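Architecture at a glance
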Amino acid sequence: MDTFWWVIVPYICLTTFVVGHIWRYRYDKFGWTTRSSQLYEDKLLRLGSPLFHFGLLAVFLGHVMGLGVPKSWTEAVGISEGLYHFMAVSIGAVAGIGTVVGMAILIYRRRTVGPVFSATTKMDKAMYAVLATVILLGLANTVFANIFGHYDYREGVSIWFRGVFRFQLHPELMADAPLTFQLHGLAAMLLFALWPFTRLVHVFSAPLGYLTRPYIVYRSRDPQLGTHRSRRGWDRVN
């Protein structure tokens, strides 16, 4: 069972993640959007959206540091284990709480504002449920595992995670991890599998075309192109 949960399932989810995005981009380009609801309500959105997005960005960078960077590398540059865990708890807790608060505001807005609720799809609800599970489990692991627990995820979960992408598989490391870490990993993999079929695809979109697109001319300044004579008082003075 360890091989199924920590080898087969991750590769199924990652394959769905990649193939799903290719399929979505080829056959649903018009649906590749955030499906913004700002026109329906903007007061709660202005409060919840920055908290959620900036908090989630900090959480992502923390995962890059914790899962992607080996423990030996941080020790080589002078970051001790105590300093690392202090940064993980303090910065991670602030980022996690900000993300949770922002997400709670956005969910409250989506549930209580009529037009926004009407524009919410079943896939949106599933995405919010899985995303909330991932974030809450991650916050619990960050705070309780570092303060009250003695599990060093950098010696277990991190090695397993990097091994998935390097094809150096260590399912036994994840099988020995605490239950909350296992649930967090499974929920995260489920989120990756759902990702291509939700509004989360907008993460991979950037409005780079705005930098090079031509100007849109709504009305020419050339008086010779008009069909009416210019009114008195509007003649150009040389």
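In what follows, the structure referred to is the one given above.
In short, a report on the structure. On a predicted model such as this, the values are computed, not experimentally measured, just so you know.

**Topic: the overall build of the protein chain**
In terms of regular secondary structure, the protein chain is built from nine helices and zero strands. Reading the protein chain from its N end, one meets helices and strands in the order α-α-α-α-α-α-α-α-α. Classification of the 238 residues of the protein chain by burial places 35% in the buried group. Expressed as a percentage of contacts within the protein chain between residues at least 6 apart in sequence, the contacts between residues at least 24 apart total 79%. Carbon and sulfur atoms form 67% of the exposed surface of the protein chain, whose accessible area is close to 16400 Å².

**A closer look at the pattern of salt bridges**
The full count for this structure, using the stated rule, is seven salt bridges. Residue R199 pairs with D124 through a salt bridge whose shortest N-O separation is 2.8 Å. One end of the pair, R199, is in the segment after α9 (179-194); the other, D124, is in helix α6 (residues 122-147), and 75 residues separate them in sequence. For the pair shown, R199 and D124 are each scored as buried.

**A short note on the packing of aromatic side chains**
Evaluated as defined, the whole model comprises 14 aromatic pairs. Plain terms: the ring middles of F17 and F192 are 5.4 Å apart, the flat faces sit at 80° to each other, and that makes the pair edge-to-face. One end of the pair, F17, is in helix α1 (residues 2-27); the other, F192, is in helix α9, and 175 residues separate them in sequence. Residue class for F17 comes out buried when judged on its relative accessible area of 17%. A residue is classified by how much of its surface remains accessible, and F192, at 33% relative accessible area, is partly exposed. An angle of 45° between the planes, with centres 6.1 Å apart, marks the rings of W195 and F204 as tilted. Using a relative accessible area of 15% as the deciding quantity, one classes W195 as buried.

**So, helix α2 (residues 43-68)**
With 26 residues, α2 extends 37 Å between its outermost C-alpha atoms, agreeing within 8% with the 38 Å of an ideal straight helix rising 1.5 Å per residue. Along α2, the residues classified as buried are L45, G48, S49, F52, G55, G66 and L67.

**What to know about the packing of α2 against helix α7 (residues 157-166)**
One way to put it is that α2 packs onto α7 with a least axis distance of 8 Å and a crossing angle of 90°. It follows that α2 is roughly perpendicular to α7 by the angle criterion. Here α2 contributes G66, L67 and G68 to the contact with α7, which in turn contributes V157, S158, F161 and R162. Among the residues forming the contact of α2 with α7, the class breakdown is three nonpolar, three polar and one charged.

Each value, and the rule that gives it
- Residues numbered from 1 in each chain as written.
- Predicted model: local features only at pLDDT ≥ 70, side-chain atom pairs only at ≥ 80, totals over all residues.
- Heavy atoms only, no water.
- Helix = DSSP H or I, 4+ residues; strand = E, 2+ residues; numbered from the N terminus.
- Buried < 20%, exposed > 50% of the residue type's maximum accessible area, 1.4 Å probe, protein only.
- Contact = heavy atoms within 4.5 Å.
- Areas by Shrake-Rupley, 256 points an atom, 1.4 Å probe, with all protein chains shown as cover.
- Salt bridge = Lys/Arg side-chain N within 4 Å of Asp/Glu carboxyl O.
- Phe/Tyr/Trp six-rings, centres within 6.5 Å; stacked < 30°, edge-to-face > 60°.
- Expected span 1.5 Å × (residues − 1).
- Axes fitted to C-alpha atoms, helices over the stretch in contact; angles between N-to-C directions.
- Parallel < 35°, antiparallel > 145°, perpendicular 65-115°, else oblique.
- Nonpolar A, V, L, I, M, F, W, Y, C, P; charged D, E, K, R; others polar.

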